[in-house]
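Residue-level listing of the chains:
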Amino acid sequence: MLLCYAALTVWSNSFGAMQHYTLFTTAILAYSALRLISRSPERGTDLGVWTDRVVGIAVMLGGVSAGGYFFVNAETLELTQPFVSQTALNMGLVMIVAVLLAAWRVWGAAIALICLIMAAYMLFGRMLPDVMQARMQPFNVSVSFLSGIGGPRGILAYAPLSADMIFLLLIYGGVLHAVGVIEIFGEIGALIGNRLRGGMAYSAVLASTFIGMVTGQAVSNIALSGVMTIPAMKKSRFSGEEAAAVEIMSSTGSQLLPPIMGLGAFMMAVILGVSYLDIVMAGLIPGLLYMFAIVVSLYAMIGGHKGLQDLRQEVDLTRILWVFPAFVGSFAVVIALLVLRFSPSMAGFWGSAIAAGLAFVRPAALRPALNNIRDGLRAGFDTAAQLTIILAAIGLVVQTLTSTGLGVSAGALISDLGAGNIVVTLLIGMVVCMLVGMGLPTPAAYALIAIIVVPSLIDAGISALTANMFGFYFAIFSALTPPVAVGVLVGARIAEAGFLSTAMAAARLGAMALLLPFLFVAFPSLLAPTALTLQGWVAILCFLGATILGAGALYGALSHPLETMTRRVFAIAGPGALVAYAATGWTLIGVLPAVVLIAWVVRGIRRRPPVSVA
């Protein structure tokens, strides 16, 4: 029913905005409650299963009753809020509790507790000592704002994003899973990987990137593709830590690539008041440079690896030829519609329809079975429900930060610590971004970063787009931040490797990619591909050369092991020159990595023994 309703809203909506968002959020709560109630005993302990069932019943009763009340009285509440009846306030509290309970069982106690503390601070902060109070609102205003009574605030702050932008795109990802496209990515990766040394790792990068492009979630992508790629890499004699690191960094970087871009891109478009296409264009060059950095670092890792065993994987070319058009055709339509500035929902609808339609023109043996379609749609629904719930819960935090002024205070503190030095401000902002986003999916992490960190960067003189892209980039990387590091934890478990050693391997593989946000802050034209300046072109050249040299310095090899002195020269002429160019903008420094790399290649050619002619 929810899918049919979402599809109908692509063309028209019979309800007002608040009725629409209330109905969508209530339906998601009901769906999540049903999933909790129907949880099977084999998926957890008896206590956990019964807790899920009890909480599911509470969420169902509370969410549906409160949501139904808000839906029926939407027009009256819009006119009278925040001076609403006691019944409306009670229903608002019930809705807040329902969302927190759902967040607890879906996302864990830590996230739910943080959201609870922030909501309680807004509701009851006036009872605290003066030194702990901010701009406190009356109780009725606080309840109205937190529960979204009469306006898209609090729980409903990101409902437009969930209902109107990402829902059908996530269903599109589920449809691709249902029609076998996700599995085909692994086949295509294997086809390419069979032709390269250490090819299993390259195939993992390709497969994980493709899958992440259409799922938009790093952690779920690691879990989805990692069960295939990590064991395959270990069979080729990669260590568990190395295999997990390749999967983690590939899945993480896929969030920088269209069409989904970790879902935070849609949120950024709303915050900045620009089109989604503008955000995609801004992220294009950084996304491509990121993937280049990962591939080059992987090349260096393989170059220094002595024990690799090249295993050829069997590839079903017939399956690729029949299944891949479902991805190419639907993906092309999605991108075209987004470029033509149609809504993401429209793009997701037609992408799903075309992918499903093309799946049924295949030979009978390659058509998806009904249970495949059911499982794929359920996967899409589950992802959409999980993100809607976390965004509703994070809406409580964002509303508290906004209404009480805590967000402004936090931003002012970052500015004060930066003391007007943009480099220091950026470094502090990076650390805060990675701490704030720990354990959160990218959209939720970015929502908090946009309130806490981004304003201080704008105050330091950085443009709004650049500041938001900086925050978004590190919101993605926050999934790799110890001690939580959910992405690392999932990858390490699949690889049966140590948590800290896997985190270190991932940091090593992605070290050069961490410099990218500072580069596009120094040269903002990198976020405008159609208006790239000369300095921007030099910055790209500098990054490409510095990445190759930096990877060689980190791993001690490129095509072959490097001497100690060569590694030192590479470290200085690579990452060192990149940092210096970002700080000074001097072109001579910017071209240094490329010059050193060319000189090293020429030197290697000259030192090769001559080929004897028989």
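It should be noted that the structure appears before, not after, this text.
Our subject in this report is the structure included herewith. A quick note: this is a predicted structure, and the numbers were derived from the prediction, not measured.

**Re the overall build of the protein chain**
1) Next: Of regular secondary structure, the protein chain possesses 29 helices and zero strands.
2) Next: Oriented by its inertia axes, the alpha-carbon framework of the protein chain measures out at about 95 × 65 × 50 Å.
3) Next: Restricting the contact set of the protein chain to residue pairs at least 6 apart, pairs at least 24 apart contribute 75%.
4) Next: Accessible surface, the protein chain: about 25400 Å² in total, of which carbon and sulfur atoms supply 69%.
5) Next: Separation between the mean location of the 29 positive side-chain charges and that of the 22 negative ones in the protein chain comes to 10 Å.

**What to know about the environment of Met-268**
1) Next: Relative to the elements of secondary structure, Met-268 occurs in helix α13 (residues 264-272).
2) Next: Sequence separation between Met-268 and Leu-465 is 197 residues; the distance between their C-alpha atoms is 8.6 Å.
3) Next: What Met-268 contacts, discounting residues up to four positions off in sequence, is Ile-279, Tyr-446, Leu-465, Asn-468, Met-469 and Phe-472.

**Structural notes on the pattern of salt bridges**
1) Next: Here the structure, examined in full by the defined rule, presents three salt bridges.
2) Next: For Arg-35, the salt bridge is made with Asp-382, and the minimal N-O distance between the two is 2.8 Å. A residue pair is termed long-range when its members are at least 10 positions apart, and Arg-35 in helix α2 (residues 17-37) and Asp-382 in helix α17 (residues 370-404) qualify at 347 residues.
3) Next: Note on Arg-35: relative accessible area 29%, which makes it partly exposed.
4) Next: One salt bridge connects Arg-105 with Asp-52, and the closest N-O pair in it is separated by 2.5 Å. On the criterion of sequence distance, the pair formed by Arg-105 in helix α5 (residues 86-107) and Asp-52 in helix α3 (residues 46-72) is long-range, its members being 53 residues apart.
5) Next: For Arg-105, a relative accessible area of 24% gives the class partly exposed.

**Examining the packing of helix α14 (residues 276-303) against helix α26 (residues 534-555)**
1) Next: Relative orientation of the contacting elements α14 and α26 amounts to 25 degrees, with a least axis distance of 9 Å. Put simply, α14 runs roughly parallel to α26. Judged by the sense of rotation from one axis to the other, the crossing of α14 with α26 is right-handed. On α26, the residues that touch Ile-285, Leu-289, Phe-292, Ala-293, Val-296, Ser-297, Ala-300 and Met-301 of α14 are Ile-540, Phe-543, Leu-544, Thr-547, Ile-548, Ala-551, Gly-552 and Tyr-555.
2) Next: Of the residues in the contact of α14 with α26, the class split is 13 nonpolar, three polar and no charged.

The rules behind these values
Residues numbered from 1 in each chain as written. Predicted model: local features only at pLDDT ≥ 70, side-chain atom pairs only at ≥ 80, totals over all residues. Heavy atoms only, no water. Helix = DSSP H or I, 4+ residues; strand = E, 2+ residues; numbered from the N terminus. Contact = heavy atoms within 4.5 Å. Areas by Shrake-Rupley, 256 points an atom, 1.4 Å probe, with all protein chains shown as cover. Lys, Arg positive; Asp, Glu negative; His and termini not counted. Charge placed at Lys NZ, Arg CZ, Asp CG, Glu CD. Salt bridge = Lys/Arg side-chain N within 4 Å of Asp/Glu carboxyl O. Buried < 20%, exposed > 50% of the residue type's maximum accessible area, 1.4 Å probe, protein only. Axes fitted to C-alpha atoms, helices over the stretch in contact; angles between N-to-C directions. Parallel < 35°, antiparallel > 145°, perpendicular 65-115°, else oblique. Left-handed = near helix turned anticlockwise from the far one by under 90°. Nonpolar A, V, L, I, M, F, W, Y, C, P; charged D, E, K, R; others polar.

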